[in-house]
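An overview of the molecular structure
What follows is the residue order along each chain.
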Amino acid sequence: MSNIQFIDIKKQYKVIEDNIKQAIHRVLEHGQFILGPEVQALEEMLKSSTQAVDVISCSSGTDALQLLLMAKHVGQGDAVFVPAFTFAATAEVVALRQATPVFVDICPETFNIDLRSLERAVEQAKQNGLRPAGIIAVDLFGLPANYPLLAEFAQANKLWLMADAAQSFGGQIDQQKVGTLTDMTAFSFFPSKTLGCYGDGGAVAVQDLEMAKYIRSIRVHGAVKTRFDHHYVGLNSRLDSIQAAVLIEKLKIFEDELKQRHHIAKTYDALLKNHVKTPVIPKGYTSAWALYTVICESAQRDRIEQIFTEKQIPYNVYYKKPLHLQQAYAHFPRAGKNLETAEQLSTQVISLPMHPYLTQADQAYIADLIKSC
Ligand SMILES: *Cc1c(COP(=O)(O)O)cnc(C)c1O
């Protein structure tokens, strides 16, 4: 029996236990549970670590996306282009705002949105009588999408470009951090993300102060100046002070953890490169290594799943069913009848245990099991 964890939140807690307890204790003592001083302190820290013009915390990654869509006044008749190979939240928020998600295929190497498929999706949206509004690119598994190319395409087609960076806090392209790769970025602090709290949490990073002001207002019921002066229809989407306090402590060890994630990814690469297709990181790109996902033949994946289950090695398949084939989303338009890469990869990918506290011995054991398949 192994005690390898898929993501080891407990081991991380043991490393920073005293600091976490003191930080939570301080909130219990001052009693400002909603928008207390920790929230502002965290936002300042996130601003300086990402170099974004402003960062506004909120209650989840899903709400971060929704707040940005609200700031862009997305609504009925708008087409928003999203990759089909992502977590449901990316498309869900579009539908929630009464707009239409249009599904796009992904690149087989990077798992991120494919430009040729995006072109087709825009044509499809127009044919359906929709107004092409914007793109939500997803930085899947921690690898930033191709923002330079996407920005060019967005500009040529008069679309806005948003980053679903729920998985990529800590990633970068050249020296530029996720959070500034485009004008609008959504982060998630769900516990299993690269920066996670002890509950739900999220944030948006924006490069425009007017937009920041608007989002700060709509995350608290559209209030301005006083709590009961409502200028806009908003949400209740605040990050709890206790979660902010936890995130502050976790941010302090984030750079060290990120280095460790890189080290673990390199070790996996070396152990596995002759046996499965290991992740491809384009030149100049830095993944945040939220997940380490390999590609293999479908039959081989079945065998790996079987042996991992037998040996109690935790694993996940992100994603077994692309969004355009999900019951809730199948009726929305897509870039073509089939989104072949997304469909094919859903039968071939498997994500291995990945966290900063994984030991070399555990990695070697996992690799040996894969080799036996
Ligand atoms: C986790 C995730 C989200 C949603 O974040 P929550 O904080 O759980 O709401 C959105 N998009 C992607 C790609 C994610 O992985």
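Throughout what follows, the structure given in this document is the object of discussion.

Another point: helix H12 (residues 360-371). Relative to the 16 Å expected for 12 residues at 1.5 Å per residue, H12 spans 16 Å between its end C-alpha atoms, a close match to the ideal helical length. The complete set of buried residues in H12 reads Gln363, Ile366, Ala367, Leu369 and Ile370. Axial view of H12: buried residues confined to an arc of 160°, hence all on one face. Here the buried face of H12 lies against helix H9 (254-272), helix H10 (298-311) and strand E12 (349-352).

With respect to topology, 7 strands assemble into an open sheet ordered E1-E9-E8-E5-E4-E2-E3, the strand pairing being mixed. The two strands at the open ends of the sheet, each matched to only one other strand, are strand E1 (54-58) and strand E3 (100-104). In this sheet, neighbouring strand axes are inclined to one another by 25° on average, regardless of whether the strands run parallel or antiparallel. Where strand E2 (residues 78-83) lies against strand E4 (residues 131-138), 4 bridges are found, and the strand directions are parallel. Looking at the pairing, Ala79 lines up with Pro132 of E4.

With 19 residues, H9 extends 26 Å between its outermost C-alpha atoms, agreeing within 8% with the 27 Å of an ideal straight helix rising 1.5 Å per residue. For H9, the complete set of buried residues consists of Phe254, Glu257, Leu258, Arg261, Ile264, Ala265, Thr267, Tyr268 and Leu272. Tucked into the core, H9 has its buried residues touching helix H1 (9-30), helix H8 (241-252), strand E11 (292-295), E12 and H12.

Where strands meet in a sheet, backbone hydrogen bonds hold them as pairs that are either parallel or antiparallel. Strand order across the open sheet formed by 3 strands is E7-E6-E10, with antiparallel pairing between neighbours. The open sheet has two edge strands, strand E7 (176-177) and strand E10 (285-286), and neither has a second partner. In terms of strand pairing, strand E6 (residues 172-173) meets E10 through 2 bridges, oriented antiparallel. Bridge pairing in E10 links Ile173 to Tyr285.

Here the focus is the packing of aromatic side chains. All chains considered together, the criterion is met by 14 aromatic pairs. Joined through ring pairs, the aromatic side chains of Phe6, Phe85, Phe111, Phe141, Tyr318 and Tyr319 make up one cluster.

A side chain with one charge may pair with a side chain of the opposite charge, provided their charged atoms come close. The full count for this structure, using the stated rule, is 16 salt bridges. Lys11 serves as the salt-bridge partner of Asp8, at 3.9 Å between the closest nitrogen and oxygen. Looking at Lys11, the relative accessible area reads 38%, which means it is partly exposed. As a salt-bridge pair, Arg216 and Asp54 come within 3.0 Å of each other at their nearest N and O atoms. On the criterion of sequence distance, the pair formed by Arg216 in helix H7 (residues 209-218) and Asp54 in strand E1 is long-range, its members being 162 residues apart.

It is worth spelling out the nonpolar core at this point. If you look at the biggest cluster of nonpolar residues, it comprises 104 residues, and the most contacted ones within it are Phe81 and Phe85. Considering every element that reaches this core, the biggest residue donor is helix H3 (residues 61-71), with 7 residues. In contact with Phe81, not counting residues within four places along its chain, are Val102, Val104, Ile113, Leu118, Ala121, Val122, Ala125, Pro132, Gly134, Ile135, Ile136 and Leu159. In terms of nonpolar packing, the next biggest core, distinct from the first, is built from 23 residues, Ala265, Tyr268, Tyr292 and Ile304 among them.

Now for the pairing of E1. With respect to burial, E1 is a largely interior element, 5 of its 5 residues being buried. Of the pairings in the sheet, the one linking E1 to strand E9 (residues 202-206) comprises 5 bridges and is antiparallel in character. Looking across to E9, one finds that Ser57 is bridged to Ala203.

Running from N to C, helix H2 (residues 37-50) and H8 point in directions that differ by 35°, and their axes come no closer than 8 Å. Seen from above, H2 lies across H8 with left-handed handedness. Between H2, through Glu38, Val39, Ala41, Leu42, Met45 and Leu46, and H8, the contact on the second element is made entirely by Ser241, Ala244, Ala245, Leu247, Ile248, Leu251 and Lys252. Its residues assigned to classes, the contact of H2 with H8 shows 10 nonpolar, 1 polar and 2 charged.

Scoring rules and cut-offs
- Residues numbered from 1 in each chain as written.
- Predicted model: local features only at pLDDT ≥ 70, side-chain atom pairs only at ≥ 80, totals over all residues.
- Heavy atoms only, no water.
- Helix = DSSP H or I, 4+ residues; strand = E, 2+ residues; numbered from the N terminus.
- Expected span 1.5 Å × (residues − 1).
- Buried < 20%, exposed > 50% of the residue type's maximum accessible area, 1.4 Å probe, protein only.
- Arc of directions from axis to C-beta.
- Contact = heavy atoms within 4.5 Å.
- Pairing = 2+ DSSP bridges.
- Axes fitted to C-alpha atoms, helices over the stretch in contact; angles between N-to-C directions.
- Phe/Tyr/Trp six-rings, centres within 6.5 Å; stacked < 30°, edge-to-face > 60°.
- Salt bridge = Lys/Arg side-chain N within 4 Å of Asp/Glu carboxyl O.
- Core = buried A, V, L, I, M, F, W, Y, C linked by side-chain atoms within 4.5 Å.
- Left-handed = near helix turned anticlockwise from the far one by under 90°.
- Nonpolar A, V, L, I, M, F, W, Y, C, P; charged D, E, K, R; others polar.

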